[in-house]
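Chain by chain, the residues:
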Amino acid sequence: MPDVITANRLADGVVVFQTADGAWSEDFNRATVCSDAVATKAALARAADDMTRNLVVDAYAFAVETRNGHVVPKALREAIRAAGPTVRRDLGKQAHGLAPHSGPAAFGEA
Amino acid sequence: MYHYDDFDQAFVAARVAQFRDQVARRLSGELTEEQFRPHRLMNGLYLQLHSYMLRVAVPYGTLNARQMRKLADIARAYDRGYGHFTTRQNIQYNWPALKHVPDILAELAAVEMHAIQTSGNCIRNVTADHFAGVAHDEIADPRPYAEILRQWSSLHPEFSFLPRKFKIAVNGAAHDRAVIQAHDIGLQIVRDEAGELGFTVYVGGGLGRSPFIGRKVREFLPERDLLGYVEAILRVYNLEGRRDNKFKARIKILLHEKTLETLKDEIEAEFAERDATLLDLPQSEVARVAAFFAPPALEPKKPGSDRVERRKGKDARFASFFAANVTAHKQPGYVVVTVSLKPIGAPPGDASADQMDAVADLAEDYSHDEIRVSHEQNLILPHVALDDLPAVYDRLASVGLATPNAGQISDIIACPGLDYCTLATARSIPVAERIAQKFGDGAKAKAVGPLKIKISGCINACGHHHVGHIGILGLERAGEETYQITLGGSGDETAAIGQIVGPGFSSENVVGAVETLVETYMGLRTSEAETFLDAFRRVGLAPFKEALYERSAGSDI
Ligand code: HEM
Ligand code: SF4
């Protein structure tokens, strides 16, 4: 299953996603998609290094899928995490235009 | 209210300094996350779905205007302009940065507040009846005992590494407004035949994945023995509570596995061994602490108010507010005002920084500088002169805080759920919002009468769904949110765990299901005076089940 790697930035807790160059972005849309288990494993190893270097905490991989031509998180939990609370559209990443392109709105408005 | 003495102030300041050092060492990499986690948890700091989350204690739910303003300032300076009041009389900030938390704690310490023991496997914030000191049915104010327990339990070396969290609640009135039977220890203040003050002690209540109503272990515990007996309970639990399985670690499971009789005997044996010279509560100390909670000197007033009557006559919304949100005060001419944090269609328990400031101003102007936080996620102005009620109402209305729905169907408890919580299996806030929109805060809600809906976003039951008259538990099935409904739960002196009514409902259908339940109740009640809970107790699950699954097209089976 294609995966994206996520974590929280240590100093401020902000949710971040691993990018193609091994850095971390606040924007889900800039995340690199690991297309298979081998790629996920390598990406998680890089993330583990970044945890050891105290850049991020609680890194893990989650499944994504393609919907309407956009890569989006498969699970509602990850969709909300990548966008912000569905009950406060003015808060979180969605407030800065950083939500997944067909983000949790697809899951129905509150 | 209680004021820190030099010892308390130094204690909290030392704690802030200690955590500042721990955070600095974590940020520099000297501490690993694994080493740091227990420290942050002991200071109320979680890592949640979007960010860190800081839980600040409002001990026994009492605070003054200066403290409320500080909570508002923190929300503005370090968070996103709001806070979430919880069922445990805490406030949670959803977006603080780790690097700022020591500064937040220092700000809190400046107004005699902290986040100590708001998480972790220790004795948590001690909660109490939110009408403490003002309820007309009060036996004694529970807060002095809650404060004594707080001082005793803060960083108690023996009880800082319990098998699991430990929650204590104290209720001082005949009516239980503190859900004491859903706590690890519930203390009900009583008087014996001689008029001596003491406690009926319940042990082993708890919600979560295995809900239990607390069991009575002592009919009458003399006041003097409070700490000795609570220590005995904790000592038995600390030694024998399970540490091999987190889900079986609460004292409720110990009670269940051992039986009530054995646990009672062990507690009594431990109690007999106590060092009475150390633990007996000196009368002078009780009096010293109680003095802090002495009622304010309220000017005598006549019981009625023409102003209020006139306003009620010409303003239906004010009349509804009076009926739902205003409760009698011990002293004639005064009332207790519930400030609903359940505006229709908004997240239950959230208050903006501006709203907090407004409540602080009102407390200063009209409520002897006192505010309460209720476990029902509302705020309370405890000492309002009846004549001032129209003015208080108008000012509340001007900041969106005059929703006239306290105790009604739209006054819903909901945990943060999947919108904020890492452990959630489904969202709870949007369900609360939609139910509230369906019934509103007007004639429809009034016709339904008192009805408590409580919603949790996973089996941990932070939203108290087990003790809701209608309880809703959000689960996940095949990637979809699904909601299980329980009926007949109750959190007062007639505490009961709700019964599952049948298969769950989709997010789309759950509100319709609640509507069906309410219509069924209204159809079968003997009169308007028979509440939902009374009716349920009379007729049981069957008619509700039938309406949901046999007659309604909305179910998902
Ligand atoms: C958002 C972060 C939260 C986390 C991670 C969390 C975690 C938990 C867990 C794991 C339990 C089950 C404990 C057990 O049975 O051993 C629990 C129970 C509970 N929590 Fe929370 N909770 C959170 C928020 C809240 C909030 C917002 C409230 C108040 C609205 C709350 C109040 C409670 C209550 C009342 C219980 C059940 C009573 C009990 O089991 O004693 N929690 N929580
Ligand atoms: S009940 Fe579950 S979803 Fe709700 S706050 Fe507690 S842990 Fe989170």
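Thresholds applied
Residues numbered from 1 in each chain as written. Chains lettered and ligands numbered in written order. Predicted model: local features only at pLDDT ≥ 70, side-chain atom pairs only at ≥ 80, totals over all residues. Heavy atoms only, no water. Near = heavy atom within 4 Å. Nonpolar A, V, L, I, M, F, W, Y, C, P; charged D, E, K, R; others polar. Axes fitted to C-alpha atoms, helices over the stretch in contact; angles between N-to-C directions. Helix = DSSP H or I, 4+ residues; strand = E, 2+ residues; numbered from the N terminus. Parallel < 35°, antiparallel > 145°, perpendicular 65-115°, else oblique. Left-handed = near helix turned anticlockwise from the far one by under 90°. Contact = heavy atoms within 4.5 Å. pLDDT = per-residue confidence, 0-100. Pairing = 2+ DSSP bridges.

Give a description of the site of ligand 2 that names residues and reports values.
Around ligand 2, the surrounding shell consists of B:C415, B:P416, B:G417, B:C421, B:L423, B:A424, B:S456, B:G457, B:C458, B:N460, B:A461 and B:C462. In terms of residue class, the shell around ligand 2 is built from eight nonpolar, four polar and no charged.

Account for the packing of helix 15 (residues 429–439) of chain B against helix 17 (residues 507–524) of chain B, with residues named and values stated.
Residues and elements named next belong to chain B. Look at helix 15 against helix 17: their axes get within 10 Å of each other, and the N-to-C directions meet at 45°. With respect to helix 17, the axis of helix 15 lies oblique. The element helix 15 and its partner helix 17 pack so that their crossing is right-handed. Contacts between helix 15 and helix 17 pair V431, R434, I435, K438 and F439 from the former with S507, E508, V510, V511, V514, E515 and V518 from the latter. For the contact of helix 15 with helix 17, the per-class residue count stands at seven nonpolar, one polar and four charged.

Explain the confidence of the model for chain A to me, and be specific about the residues and the numbers.
Averaged over chain A, the pLDDT score is 91; the fraction of residues at 70 or greater is 92%. Long-range and interchain partners of residues 103–110 of chain A, a stretch whose pLDDT sits below 50, account for 20 contacts in this model, where long-range means more than four residues apart.

I'd love a proper account of unusual backbone geometry, names of residues and values included.
Residues and elements named next belong to chain B. With a phi angle near 55°, L155 is a residue other than glycine that sits in the positive phi range. Examined against the element boundaries, L155 turns out to sit in the loop between helix 5 (143–153) and strand 7 (168–171). Unlike most non-glycine residues, H464 shows phi in positive territory, near 60°. For H464, the location among the structural elements is in the loop between strand 17 (453–456) and strand 18 (470–477).

A description of the sheet that holds strand 12 (residues 334–339) of chain B should follow, citing residues and the corresponding values.
In a beta sheet, neighbouring strands are held together by backbone hydrogen bonds and run either parallel or antiparallel to one another. Residue and element names in this part refer to chain B. The five strands are arranged 3-14-15-12-11 in an open sheet whose pairing can be described as antiparallel. With partners counted over all chains shown, the strands left at the sheet margins are strand 3 (62–63) and strand 11 (326–328), one partner each. Sheet strands in contact with helix 13 (residues 353–366) are strand 12, strand 14 (371–373) and strand 15 (379–385), and its direction is about 25° off that of strand 15.

Any details on the sheet that holds strand 10 (residues 215–222) of chain B? Residues and values, ideally.
Residue and element names in this part refer to chain B. Ordered by their spatial adjacency, five strands build an open sheet running 6-7-8-9-10, and the pairing between neighbours is mixed. Lying at the two open borders of the sheet, with one neighbouring strand each, are strand 6 (127–128) and strand 10. As paired elements, strand 8 (residues 185–191) and strand 9 (residues 197–203) share seven bridges and run antiparallel to each other. From the neighbouring strand, I185 faces strand 9, where its bridge partner is V203.

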